[in-house]
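# Structural features, examined
Residues per chain are reported as follows:
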Amino acid sequence: MDRMLDFSPGELTAKEKKKFLIGSVIPRPIALVSTMSGDGIVNVAPFSYFNIVTYDPPMLSVAVQRSGGKSKDTARNALESREVVVQIVDSDNVAMANLASAPLGPDESELTISGFTRTESEAVRVPGVSEAKVRFETELYDSILILGDDGVPTTDILLLKVKHYHIDEAIYKDGYIDPLKLGAVSRLAGNDYAEIGRMFTVDRPE
């Protein structure tokens, strides 16, 4: 085996610490997150610091990185309205999700530049997008503010409790979602993404 390289965080630049994480913690699922401001502006943005927290109650997590210590529109809207719609990014909508990552002002909606179509929700006021095969309507369960070593806020972690599910019937059968028909894509490092490739099964120990 090749010799392992060893580093402590204090030896690394911020860029190196980021690159080590996003280059090795892969693949990462991508959430397309819809929120709404108090003025009714719909914000839509993709996030790959995203995963399941628990299924009882059904809960998701999204970590929204700050810029210069200031919250992004997604986190600010979620903390104010306490409502969020989480959609799964797939091979059919990833190009639109990428367009939605453009840095717009708080009074501008990514719906105008991404090509996504607004669709109304059942249990929350925030709309979703009709191009997603899976949508979770959620409410904010809790939030955690992460501070950098210098004390400056770096990240808003959103814990989101699912209130309603929307599943495209084309990917659903007998209580299960077909992963190949969903076609979820994942984030790698840089500008790289990955599709689901070879699938295999490993039985858990009894």
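Below or above, wherever it landed, is the structure these notes cover. No experiment lies behind these values; they were computed from the predicted model shown.

Broken down by element type, the chain carries five helices and 14 strands. Relative to the 2.2 N^0.38 estimate, which gives 17 Å for 206 residues, the radius of gyration of the chain is 18 Å and therefore close to what a compact globule would have. Of all intrachain contacts in the chain linking residues separated by at least 6 positions in sequence, the fraction that spans at least 24 positions is 60%. As displayed, the chain has an accessible area near 12,800 Å², and 53% of this comes from carbon and sulfur atoms. The averaged location of the 31 negative side-chain charges in the chain is 3 Å from the averaged location of its 22 positive side-chain charges.

Turning our eyes to something else, we now look at a nonpolar patch on the surface. Judged by side-chain polarity, Tyr165, Ile167, Tyr172 and Ile177 come together as a nonpolar surface patch covering roughly 380 Å² of accessible area. If you trace the backbone, Tyr165 turns up in strand β10 (residues 153–167).

This next bit is on the pairing of strand β3 (residues 42–47). With respect to burial, β3 is a largely interior element, five of its six residues being buried. One ladder, built from six bridges, connects strand β2 (residues 31–36) with β3; its direction is antiparallel. The residue of β3 that forms the bridge with Ser34 is Val44. Connecting the antiparallel pair β2 and β3 is a turn made up of five residues, with Gly40 showing a positive phi of about 85 degrees.

The next subject is the pattern of salt bridges. Pairs can form between side chains of opposite charge whenever their charged atoms are close. Enumeration according to the criterion identifies seven salt bridges in this entry. Of the charged contacts, one joins Asp156 and Arg66 as a salt bridge, the two residues approaching to 2.9 Å between their closest N and O atoms. In this pair, Asp156 sits in strand β10 while Arg66 sits in the loop between β5 (58–65) and α2 (73–81), placing the two residues 90 residues apart along the sequence. Asp156 gets classed as buried once you look at its relative accessible area, which sits at 5%. Among the ionic contacts, a cluster of salt bridges with common partners joins Asp90, Asp92 and Lys133.

Let's shift gears to the sheet that holds strand β6 (residues 83–88). One open sheet holds the seven strands; their spatial order is β3-β2-β6-β9-β10-β5-β4, and the pairing between them is antiparallel. Of all strands in the sheet, those bounded by a partner on one side alone are β3 and β4 (50–55). On average, each strand axis in the sheet is inclined to that of its neighbour by 35 degrees, with strand direction left out of account. When β6 meets strand β9 (residues 134–147), the two strands line up antiparallel, connected through five bridges.

What follows is about the pairing of β4. Summarising the sheet, β4 and β5 pair through five bridges and their orientation is antiparallel. What sits directly across from Tyr55, in β5, is Pro58. Between the end of β4 and the start of β5, which pair antiparallel, lie two residues.

Okay, the sheet that holds strand β1 (residues 28–29) next. Strand order in the open sheet made by the three strands is β1-β13-β14, with antiparallel pairing throughout. This sheet does not close on itself; its edge strands, each paired only once, are β1 and β14 (193–195). Inspection of the sheet shows β1 paired to strand β13 (residues 185–187) by two bridges, in the antiparallel sense. The residue of β13 that forms the bridge with Arg28 is Arg187.

Conventions we followed
Residues numbered from 1 in each chain as written. Predicted model: local features only at pLDDT ≥ 70, side-chain atom pairs only at ≥ 80, totals over all residues. Heavy atoms only, no water. Helix = DSSP H or I, 4+ residues; strand = E, 2+ residues; numbered from the N terminus. Rg over C-alpha atoms; globule rule 2.2 N^0.38 Å. Contact = heavy atoms within 4.5 Å. Areas by Shrake-Rupley, 256 points an atom, 1.4 Å probe, with all protein chains shown as cover. Lys, Arg positive; Asp, Glu negative; His and termini not counted. Charge placed at Lys NZ, Arg CZ, Asp CG, Glu CD. Patch = residues over 30% accessible without salt bridge, like charges linked within 9 Å, V, L, I, M, F, W, Y side chains within 5 Å. Salt bridge = Lys/Arg side-chain N within 4 Å of Asp/Glu carboxyl O. Buried < 20%, exposed > 50% of the residue type's maximum accessible area, 1.4 Å probe, protein only. Pairing = 2+ DSSP bridges. Axes fitted to C-alpha atoms, helices over the stretch in contact; angles between N-to-C directions.

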